[in-house]
Amino acid sequence: MVNTVNNPPVAPGVSANIRPGRMTLADLANYEARIRQPVVSTYRGYTIYGMGLPSSGGPTIALALNLLEGYDLKALPRERALHLYLEASRLAFADRNAYMGDPEFVDAPLTGLLSKKYAEERRKAMGERAAEGAVRAGDPYPFQQDPSTPLRPQAQRERWEGESTTHLTVSDKDGNIVSYTFTIESTGGNAMVVPGYGFLLNNELTDFDATAPHPNSPEAFKRPRSSMSPTLVFRDGRPVLALGSPGGATIITTVLQTLVNVLDFGLPIDQALAAPRLSQRNTQTTNVDGGFERTPEAQALAALGHRWAPTGEIGALTAIAFNPDGSVTAAAEPARRGGGSAAVERPR
């Protein structure tokens, strides 16, 4: 690995400027995996476990759900509920971008961000119409001492990810559940294959924000912020849903919208997963797929100031729903990325 990084093998005919790295065997020897506690939040009686920093997925989803908890989305017209979903995502991303990074380098105010009281205050910024563009981050620091926040993250010793991110959702008859997102960042990673071993090296450094000061600016030994959002949902101690997706920053909105589709709108998991997706990440326009921009809901939302940026596909989710009768329903994309794979083994 070290030799490949420092002396990149170049295929015949390649004219690009291939720059060598500066990796040492000591870099690999000094690397430690971190065992981190999950981000724990609640939503309408459900307990939701998400991935903690340096992934921003779990905290951002929890913050958005806290904002949405103040509304009865199921009782609202669908376009009104979607408007609230988009604006909650916009505000959550504003806070994500301002505060979240590697917890060994950044003292992110997560207790404040995940406080229900902070959500009450932040909810005041959700208007009847879409914000015209990026909104400012809120101030979670006055809520850092809120004892009602279930989040207790602990770090122990231990942009766009494209089609090189994968998500698996698995359960077994003994009750074990795995929601697993893994990535090498861009398609092909950094395009280096270790000779004789056949595996690609990643280019995860592109997940840093190359501006300083910034909670996600690059530093030695620092881990870049990601958007991975493997999620487990429980009610009264029993599993309800396990899910996750690839898709860079759209991972967060893909998982968030699917949770809203199931927990609020009551859609079966396959329909919740196949529905058109809307991804608002504190920008002037909202990415949509599945032809959503041509629907009556899109027209009603456009009248509220929402602007659409259609794209080919958003996310590639897999999920397992745990049914009240003890059965499970596994679901994967019916069309996105050519269709996914979902199967249930039924032991004799």
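From a predicted model like this one, the values you see are computed outputs, not experimental measurements.

### Observations regarding the pattern of salt bridges
Move 1: Going through the model one piece at a time under the given rule, you end up with 17 salt bridges.
Move 2: The partner of E128 in a salt bridge is R80, with the nearest N and O atoms 3.3 Å apart. Placement of the pair is E128 in the loop between α6 (116-122) and β3 (165-171) and R80 in helix α4 (residues 78-99), with a sequence separation of 48 residues.
Move 3: The class for E128 is exposed, based on a relative accessible area of 56%.
Move 4: Residues R337 and E313 are paired through a salt bridge, measuring 3.7 Å at the closest nitrogen-oxygen approach.

### Focus: the nonpolar core
Move 1: Ranked by size, the top nonpolar core spans 59 residues in total, and within it L73 and L259 carry the most contacts.
Move 2: A total of 10 residues in this core trace back to one element, the largest contributor, which is α4.
Move 3: Apart from the residues within four sequence positions on either side, L73 is in contact with Y43, R44, L68, A81, L84, V260, D264 and F265.

### As for the sheet that holds strand β2 (residues 46-50)
Move 1: Spatial ordering of the open sheet is given by β1-β2-β5-β6-β10-β11, a layout of six strands whose pairing is antiparallel. The outermost strands of the open sheet, each flanked by one partner alone, are β1 (39-43) and β11 (328-332). Averaged over neighbouring strand pairs, the angle between their axes works out to 20° when direction is ignored.
Move 2: Relative to the sheet, helix α3 (residues 57-68) contacts β1, β2 and β5 (231-235), its axis offset from that of β1 by approximately 20°.
Move 3: Against the sheet, helix α7 (residues 250-263) makes contact with β1, β2, β5 and β6 (238-244), and its axis sits at roughly 145° relative to β6, the strand it touches most.

### Thoughts on the confidence of the model for the chain
Move 1: Residue-level pLDDT values for the chain average 92, and 95% of them are 70 or greater.
Move 2: Under a pLDDT of 50 for its full length, residues 152-162 has, in the predicted model, 45 contacts with residues more than four places off or in other chains.

### Concerning the layout of surface pockets
Move 1: In this structure, the second largest pocket occupies an estimated 1200 Å³ of space.
Move 2: Lining the second largest pocket are 49 residues, with S171, I320, F322, V328 and A330 positioned closest to its centre.
Move 3: Listing elements by their share of the lining of the second largest pocket, those giving two or more residues are β3, β6, β10 (318-322) and β11.
Move 4: When residues of the lining of the second largest pocket are assigned to their parent elements, the largest contribution, seven residues, is made by β3.
Move 5: Residue composition of the lining of the second largest pocket, grouped by class: 27 nonpolar, 13 polar and nine charged.

Cut-off values and rules
- Residues numbered from 1 in each chain as written.
- Predicted model: local features only at pLDDT ≥ 70, side-chain atom pairs only at ≥ 80, totals over all residues.
- Heavy atoms only, no water.
- Salt bridge = Lys/Arg side-chain N within 4 Å of Asp/Glu carboxyl O.
- Helix = DSSP H or I, 4+ residues; strand = E, 2+ residues; numbered from the N terminus.
- Buried < 20%, exposed > 50% of the residue type's maximum accessible area, 1.4 Å probe, protein only.
- Core = buried A, V, L, I, M, F, W, Y, C linked by side-chain atoms within 4.5 Å.
- Contact = heavy atoms within 4.5 Å.
- Pairing = 2+ DSSP bridges.
- Axes fitted to C-alpha atoms, helices over the stretch in contact; angles between N-to-C directions.
- pLDDT = per-residue confidence, 0-100.
- 1 Å grid on protein atoms, 1.4 Å probe; cavity = no way out; pocket = protein on both sides within 12 Å on 5 of 7 lines; lining within 4 Å.
- Points joined across faces, edges and corners; volume = space filled by probe spheres on them.
- Nonpolar A, V, L, I, M, F, W, Y, C, P; charged D, E, K, R; others polar.

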